[in-house]
Amino acid sequence: MRNKDVLISGAGVAGQALAIWLRRLGFTPVVVERARAPRDGGQAVDLRGAAIEVARRTGILDAVRAARTGTRGMSYVNSAGKRLASLDGAFGVISPEDVEIVRGDLVSILYEAARNDVEYIFDDSISSLTDTADGVTVTFERSAPRTFGLVAGADGLHSLVRGLAFGPEPRFIGHLGLYLAVFTIPNELELDHWQLIYVTPGRSVTLTSARGNREARAIFFFAADPLDYDHRDRGQQQELLAAAFAGAGWEVPRLLSAMREAPDFYFDSVSQVKMESWSAGRVTLVGDAGYCPSPLSGQGSSLALTGAYVLASELSAADGDHRDAFARYQQRMQDFVERNQQLATGNAKRFTPGSRRQIWLQNQGIRALPYLPGKNWVLSLATKGVKEAANAITLPQPGGGGNSPAW
Ligand SMILES: Cc1cc2nc3c(=O)[nH]c(=O)nc-3n(C[C@H](O)[C@H](O)[C@H](O)COP(=O)(O)OP(=O)(O)OC[C@H]3O[C@@H](n4cnc5c(N)ncnc54)[C@H](O)[C@@H]3O)c2cc1C
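Everything numeric here is computed off the predicted structure, so don't read it as measured data.

Looking now at a nonpolar patch on the surface. A cluster of nonpolar side chains, contributed by Leu372, Trp377, Val378 and Leu381, occupies part of the molecular surface with about 400 Å² of accessible area. Looking at the element boundaries, Val378 is found in helix α13 (residues 375-390).

Rendered as structure tokens:
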């Protein structure tokens, strides 16, 4: 087998899933992660369609199911906290097989599955890549230089590997007009597997219980053109969030004050990554780094998990020949990625309606939904596109050779 030594940048969903599968298929992956440990934090993410089958093959599906959030439903509230409209959680179910899980729990499950067999380098980052005929020489910010057969960038929306191997970020990132912030706080409202959602024009805040109601997550969306800020400056990001929500009612002032003490804090633009090719020479991209669909699609973690599995399988099938494997990886994933990216289109307005009238109409619609004749038909029509996109790939066999349907 060629190119057995593979460096993976990023210990998120894509990077760790890739490490597990490469190791299982006879490669020697090394994961470098900028943080001191796999990063906790973030809201709940969904696994559905092909990603459920990949989780099963990876051997993590039982653990993922055991950690599911079990959210029972949600209520929309006004600035005084009065519940205006409620929706049973069953309305949001696209397919009963789907799993909603806190992102940090998914990352921990993958870490547990990988940590004994995979070398991790924490608190470090690649600083340069030199791609030669025989391998990629990599220098790090802290560790000594090393040479690898291949490098996979699984380092998220603002991928460093993409920047080094393909060029500056603005060429590949499309901003969808929103920003997202998420942090953990105590479950002071004693929510029981429930979400409260407060919407004002151009802004929304969701408070949801998490991890068996032991904690809560505050999730903020706001509409804004691209903002200029340092992606690693938490203080600056918190100021931007506080400014965007100045004057907002409900629990918002208390949440913004709790934000300063939060154990985690995630802030980013809601954006997509679109590239003609995810690979250049011996370097390839996986997950958000290459094809982020954005949180509005609900498919970021599913694409990352599936992409990692497909990439490892194609490398194994090609006996480590990256030229063949990278081409087949893109071929197999391209349509799946595009269809899932399309799910985000138009969703921005649903998260942050622009006027009080739109908010009122949205609440009326939610209130009427349970009483609509033919509501099941309406719902199945509304979720059909998501179901189809989530399954729109034929998964390869783990070691290559042959295909198997995703469902
Ligand atoms: C802390 C956090 C919270 C998130 N919260 C949400 C959320 O609430 N909702 C949502 O829809 N999506 C969220 N996301 C994005 C979501 O995780 C991804 O869309 C999806 O899971 C695909 O994952 P990924 O592995 O491709 O990228 P990510 O999950 O972003 O993982 C990328 C990893 O690469 C690491 N990394 C970045 N730069 C470097 C570098 N130079 N060197 C080494 N490592 C590096 C990061 O620390 C991270 O661990 C979050 C991501 C992170 C990192």
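Attention now moves to helix α10 (residues 322-342). The terminal C-alpha atoms of α10 lie 29 Å apart, and with 21 residues this matches the ideal 30 Å at 1.5 Å per residue to within 8%. In α10, a bend of some 40° at Met333 exceeds every other bend along the element. Along α10, the residues classified as buried are His322, Ala325, Phe326, Tyr329, Gln330, Arg332, Met333, Phe336, Val337, Asn340 and Gln341. N-capping of α10 is provided by Asp321, with a side-chain oxygen placed 2.9 Å from the backbone N of Arg323.

Next up on the list: empty space enclosed by the protein. Tallying each qualifying case throughout the model produces two cavities of 30 Å³ or more. Of the volumes computed, that of the largest cavity is approximately 50 Å³. Lining the largest cavity we find Gln43, Ala44, Thr69, Thr71, Glu100, Val102, Gln195, Thr208, Ser209, Ala210 and Arg217. Residue assignment for the lining of the largest cavity shows that the elements contributing at least two residues are β6 (99-102) and β14 (203-210). Residues that form the lining of the largest cavity fall into these classes: three nonpolar, six polar and two charged. Here the second largest cavity is characterised by a volume of approximately 30 Å³. In terms of lining, the second largest cavity is formed by Val6, Leu18, Leu22, Leu150, Val151, Ala152, Thr284, Leu311, Leu315 and Phe326. Elements that contribute at least two residues to the lining of the second largest cavity include exactly α1 (13-24), β11 (150-153) and α9 (300-317). With three residues, β11 is the largest single contributor of residues to the lining of the second largest cavity.

What counts and how
- Residues numbered from 1 in each chain as written.
- Predicted model: local features only at pLDDT ≥ 70, side-chain atom pairs only at ≥ 80, totals over all residues.
- Heavy atoms only, no water.
- Patch = residues over 30% accessible without salt bridge, like charges linked within 9 Å, V, L, I, M, F, W, Y side chains within 5 Å.
- Areas by Shrake-Rupley, 256 points an atom, 1.4 Å probe, with all protein chains shown as cover.
- Salt bridge = Lys/Arg side-chain N within 4 Å of Asp/Glu carboxyl O.
- Helix = DSSP H or I, 4+ residues; strand = E, 2+ residues; numbered from the N terminus.
- Expected span 1.5 Å × (residues − 1).
- Bend = angle between axes of the 7 residues up to and from the residue.
- Buried < 20%, exposed > 50% of the residue type's maximum accessible area, 1.4 Å probe, protein only.
- Polar contact = N/O pair within 3.5 Å; in protein donor to acceptor, adjacent residues only side chain to side chain.
- 1 Å grid on protein atoms, 1.4 Å probe; cavity = no way out; pocket = protein on both sides within 12 Å on 5 of 7 lines; lining within 4 Å.
- Points joined across faces, edges and corners; volume = space filled by probe spheres on them.
- Nonpolar A, V, L, I, M, F, W, Y, C, P; charged D, E, K, R; others polar.

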